[in-house]
Amino acid sequence: MRTPDQPDSAPTGGALAGEEYPAGEGARTPAARLAAYIRGGGIVVPLLTAVLAFLIAGLVMLFTGHDPFGTYKAIFEGTGLQWLFPWVTGDDRTTAALNLQQTLILTTPLILTGLAVAFAFRAGLFNIGGQGQYIVGSVVAVWVGSSFAGMPAFLHVVLAIVAACLAGAAWAGIAGLLKATVGAHEVISTIMLNYIAIWVGVWLFSLGGPLQNDRDPSLPVSNDIVEGAKLPVFWGDPVLQGLHIGIFIALAAVVVFWLILNRSTTGYEVRAVGLNPEAARYSGMSVGRNYVLVMALCGLFAGLAGALDILGWQFRLATNDIQIGLLGFTGIAVALLGRSTASGTVAAAVLFGALLSGTSQRNLDPSIFEPELATNLTYIIQGLVVLLVSADVLVLSLLRRGRGLLLGRRRPVPAQAEETSS
Amino acid sequence: MTAGALAVSRAGPAPRPVGWAGVALGAVAWFIALPPLLVRTPVPSLLLALAAVAAGVFAVRGDERRLGGWAVAAGALGGVGAVVATRSGEGNLEDVFVWSALFAAMLRFATPLVFGALGGIVCERSGVINIGLEGMMLMGCFFGIFGADLTGSWLLGALIGMASGGALGLVHALFSIQFRADQVVSGFAMNFLAVGITGYVFISHYGDQGTPDDIPRVPVVTLPLIEDIPFVGDVIGRQSLLTWLALLLVPALALYLFRTPRGLRLRSVGEKPRAADSVGVPVLRTRYLAVITSGLLAALGGVYLSVAFLGSFNENLTQGRGYIALAAVIFGAWRPGGALAATLLFGFSQALAQRLPAFSESTAVLFQALPYVLTLIVVAGLIGRTRPPAAIGVPYVKE
């Protein structure tokens, strides 16, 4: 039984290493923490985290005079997940199908923005810039999609997606390049890139902006993309915002993510750099090149998310969408809850996609719980998830204590000693 | 050229004043193309801009890299700005560049950023990254006006707002210090929590109505004699009490950090916590206090926004101002004075963004991106690298 004491040995190393390598490049990178985490927690910790977050949010509802059970039931019905139950039939099933399509439409970009963060985590980087990369991707997709009207449909879609991916990759690549060349902390540079993307995006489509709607100069939106650039809908009515094929592209990206990480030299290097950049450097890997590559791939995923949203169901981009959108930020919660693994990211994306669609204006019954209130509740839940995931020591120690109590196992002495000393 | 320049740098004027002169020349290059001077040909401006760049290069060669970089940047920006100005209509320029109004607006926009940046400096100097400034500011923003509305007193409202930010700071401290959470992740969680909590209480208490109009506001300080002085009076004659407090806090914090034993301890905890610990500085307690203080300060910035500046609240009102404050911390090299300069610069760009729609709606928006672009340039090390506290982001474990 060697799992319990492993994670605890890491922080000490990090504190010591931090004195040798300033600028936050300690040996205890997020990836190293993550590895300790996976060893220590497996699937139990994320589940526990999510349950705890929902519990606390339930308490918030209780204290503000709402019925948490009724609300969660209504939110669940809004997600359409009961479509999966064979005993739901008739009208209920039709409604559930419509709602589930919405859930999956939201899951699609969340998978990808989740991957954009998860991939960086595996390389020891924190990509907080998923939001900006997503915006850059959607801006480019809407521009390509609304231009080149005469193009064959398939080519047009491919061109828009590829252009958006490349734009996202280039945008994130800036942060990677700065990290590799001058050691600029990627958290700071990606935050700045987020807001640059937001304001430049708003500028492009605001009144008098260069890409603002040609037909109606009074609306701060882009042009609509042409019919040929829209992704086909395979489930539900295209007019009623059915489910587009983007979800398959997102799932394919998950497979690519897994293959790159686990079955390629690049992925091996990425993980090695993530676990210990110094060791990777000594064994002859180019750490800087890996930083650029990783960030570019992250941006590619996030840019793809933006493209799929535009080509799949939004078809146009308003300045308001750019300013209030949070999908890129939610990707951070997705990646953290999904432990930056391929399957975990998909599961977490479904959870958050369901939460977002279940609390949306369109799906939540306002007589039970106001959707505006529920939207804020989802932010609280996301915040709690991120917060609880951040404190791996806390959850792991709780878990270990629980295990000790449940199974009566003898706790390893050194780990306990360190626990009490902090 | 090189030999000559080197000779000059040895014997000639000191690089530092030349660098400052370069920065000034860059500003003047732009200024003469604007009202009231309104020189309608770009030639003199371009000459001045060139001189600024030359002064910058000189300063860089004389080992004043940071200042020299700024002089070069000021020259380039001044030149471009002047060319743009000479190509715009005189009427438009006179609408936008009402200097007294611009400077007054600059102070107003800078105030919340100053509070946020000072909070960020305290926190980061103690070795804890604070991405959560935005959230703490938002907490103060809502709970400040909420408190002011409930109690009928702006002062109580401000205190309640600060307390809410401090509470969020306490949570951040608890997770990042006690539970050794990743500080970036924990701070990021603060932002999500703040959006959720403030939005939730706002909607459940005020609903679609929004905050009422009769919120008790933070008083405006009217300076009796100065108010009547033409230009100065327009700028500082009628500023909010909180603006003055922010401006006073800057030297106060600088003194505290660099001239008092407690400030030294705070900085030592952020640079070499183990060494600080070994001489008896309570590392964890210092960090706790620093993070909570940063929450209080950032929240006061939020209070200013809602209770003093706007008199109303809307969901996510801070709109990234906490991140701009964070940018100012980095921009100002973790020093109160530098951060003040950065917030004034950012405040000026926001003031311009506010006034420009008179002349072009879309260009105005671009000015909102300016703080982030400038910070990215600084982070990239193009203009003088800044060095964060050495132990930042590393949880401390006592041996």
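(A) Spotlight on the overall build of chain A. Scanning chain A from N- to C-terminus turns up 18 helices and two strands. Across the 422 residues of chain A, 58% fall into the buried class. Taking the intrachain contacts of chain A between residues at least 6 apart in sequence as the baseline, contacts between residues at least 24 apart amount to 74%.

(B) Seen up close, the overall build of chain B. A tally of regular secondary structure across chain B gives 17 helices and two strands. Its C-alpha radius of gyration of 23 Å places chain B within 12% of the 21 Å reference for a compact globule of 399 residues. Once the C-alpha set of chain B is aligned to its principal axes, its extents read approximately 60 × 55 × 40 Å. Here chain B, with 399 residues, has 54% of them falling under the buried criterion. For chain B, long-range pairs separated by at least 24 residues make up 75% of all intrachain contacts whose partners lie at least 6 apart in sequence.

(C) Examining the packing of helix α4 (residues 68–79) of chain A against helix α15 (residues 342–358) of chain A more closely. Residue and element names in this part refer to chain A. The contact between α4 and α15 brings their axes to 7 Å, and the two run at 105°. For the element pair α4 / α15, the angle class is roughly perpendicular. Contacts from Ile 75, Phe 76, Gly 78 and Thr 79 of α4 reach α15 at Ala 354, Ser 357 and Gly 358. Its residues placed into classes, the contact of α4 with α15 shows three nonpolar, four polar and no charged.

(D) Here's a closer look at the interface of chain A and chain B. Contacts between the two partners involve 54 residues from chain A and, on the opposite side, 50 residues from chain B. At the level of secondary structure, the elements contributing two or more residues to the side of chain A that touches chain B comprise α1 (6–20), α2 (30–41), α7 (153–182), α8 (186–205), α14 (327–337), α16 (371–390) and α17 (392–407) of chain A. Taken together, the residues of the side of chain A that touches chain B break down into 34 nonpolar, 16 polar and four charged.

(E) Summary view of the nonpolar core. Ranked by size, the top nonpolar core spans 242 residues in total, and within it Phe119(A), Val294(A), Phe301(A), Leu304(A), Val386(A) and Ala328(B) carry the most contacts. Looking at this core, the element that brings in the most residues is helix α12 (residues 287–314) of chain A, giving 18 residues. Aside from chain neighbours lying at most four places away, what touches Leu304(A) is Leu112(A), Gly137(A), Ile161(A), Ala164(A), Cys165(A), Gly168(A) and Ala253(A). Ranked by size, the runner-up nonpolar core spans 25 residues in total, among them Ala52(B), Phe58(B), Val60(B) and Leu67(B).

(F) Representation of α14(A). Counting buried positions along α14(A) yields eleven of eleven residues, so the element is predominantly enclosed. Buried residues of α14(A): Leu327(A), Gly328(A), Phe329(A), Thr330(A), Gly331(A), Ile332(A), Ala333(A), Val334(A), Ala335(A), Leu336(A) and Leu337(A), and no others.

(G) Just helix α11 (residues 241–259) of chain B, in detail. Residues and elements named next belong to chain B. In a regular helix each residue adds 1.5 Å, so 19 residues correspond to 27 Å; α11 covers 26 Å between its end C-alpha atoms and thus fits that length. Listed as buried for α11 are Leu 242, Thr 243, Ala 246, Val 250 and Leu 253. Those residues of α11 that are buried are in contact with α6 (99–125), β2 (238–240), α14 (283–310) and α16 (336–355).

(H) Focus on unusual backbone geometry. Residues and elements named next belong to chain B. In this structure, the amide linkage connecting Pro 35 to the following residue, Pro 36, adopts the cis form with an omega of 5°. In the Ramachandran plot, Ala 333 falls in the positive-phi region, its phi being about 55° despite a non-glycine side chain. Considering the arrangement of structural elements, one finds Ala 333 in the loop between α15 (321–331) and α16. Given 18 C-beta atoms within 10 Å, Ala 333 falls into the partly exposed group. Backbone geometry places Trp 334, a non-glycine residue, at a positive phi of 60°. Structurally, Trp 334 can be placed in the loop between α15 and α16.

(I) A look at the domain arrangement of chain B. Parsing chain B into structural domains produces domain 1 (2–96) and domain 2 (99–379). Here the C-alpha centroids of domain 1 of chain B and domain 2 of chain B sit 32 Å apart.

(J) Broad picture of the packing of helix α7 (residues 133–151) of chain B against α14(B). Residues and elements named next belong to chain B. Between α7 and α14, the shortest axis-to-axis distance is 6 Å and the interhelical angle comes to 50°. Classified by the angle their axes make, α7 and α14 are oblique. Viewed along their axes, α7 and α14 form a crossing whose handedness is right-handed. Facing Leu 133, Met 136, Met 137, Leu 138, Met 139, Gly 140, Cys 141, Phe 142, Gly 144, Ile 145 and Ala 148 of α7, the residues of α14 in contact are Gly 295, Ala 298, Ala 299, Leu 300, Gly 301, Gly 302, Val 303, Leu 305, Ser 306 and Val 307. When its residues are assigned to classes, the contact of α7 with α14 shows 15 nonpolar, six polar and no charged.

(K) Structural detail: the environment of Ile196(A). By secondary structure assignment, the location of Ile196(A) is in helix α8. Distance from Ile196(A) to Gly132(A), taken between C-alpha atoms, is 7.7 Å for residues 64 residues apart in sequence. Not counting residues within four places of it along the chain, the set of residues in contact with Ile196(A) comprises Ala369(B), Tyr372(B) and Val373(B).

(L) Structural view of the confidence of the model for chain B. Residues and elements named next belong to chain B. For chain B, the mean per-residue pLDDT works out to 87, and 94% of the residues sit at or above 70. When pLDDT is averaged over each element of chain B, α11 comes out on top at 96 and helix α1 (residues 2–11) at the bottom at 50. Confidence drops under a pLDDT of 50 for residues 1–9, and excluding neighbours within four residues, the segment shows four contacts in the predicted structure. For this predicted complex, the interface confidence comes out at an ipTM of 0.85, alongside a pTM of 0.86.

(M) Geometry of the confidence of the model for chain A. Residues and elements named next belong to chain A. Scored by pLDDT, chain A has a mean of 83; 83% of the residues are at 70 or more. By mean pLDDT, α1 is the weakest element of chain A at 33, and helix α6 (residues 130–146) is the strongest at 96. Contacts from residues 1–27, a stretch scored under 50 in pLDDT, to residues over four places away or in other chains number 59 contacts. Scored below 50 in pLDDT, residues 406–422 makes 17 contacts in the model with residues more than four places away or belonging to other chains.

(N) Seen up close, the environment of Val60(A). Along the chain, Val60(A) turns up in helix α3 (residues 44–63). Exposure remark for Val60(A): the 20 C-beta atoms within 10 Å place this residue in the buried category.

Criteria and thresholds
Residues numbered from 1 in each chain as written. Chains lettered and ligands numbered in written order. Predicted model: local features only at pLDDT ≥ 70, side-chain atom pairs only at ≥ 80, totals over all residues. Helix = DSSP H or I, 4+ residues; strand = E, 2+ residues; numbered from the N terminus. Buried ≥ 20, exposed ≤ 12 C-beta atoms within 10 Å, placed from the backbone. Contact = placed C-beta atoms within 7 Å. Rg over C-alpha atoms; globule rule 2.2 N^0.38 Å. Axes fitted to C-alpha atoms, helices over the stretch in contact; angles between N-to-C directions. Parallel < 35°, antiparallel > 145°, perpendicular 65-115°, else oblique. Nonpolar A, V, L, I, M, F, W, Y, C, P; charged D, E, K, R; others polar. Core = buried A, V, L, I, M, F, W, Y, C linked by C-beta atoms within 7 Å. Expected span 1.5 Å × (residues − 1). Domains from an automatic or database assignment. Left-handed = near helix turned anticlockwise from the far one by under 90°. pLDDT = per-residue confidence, 0-100.

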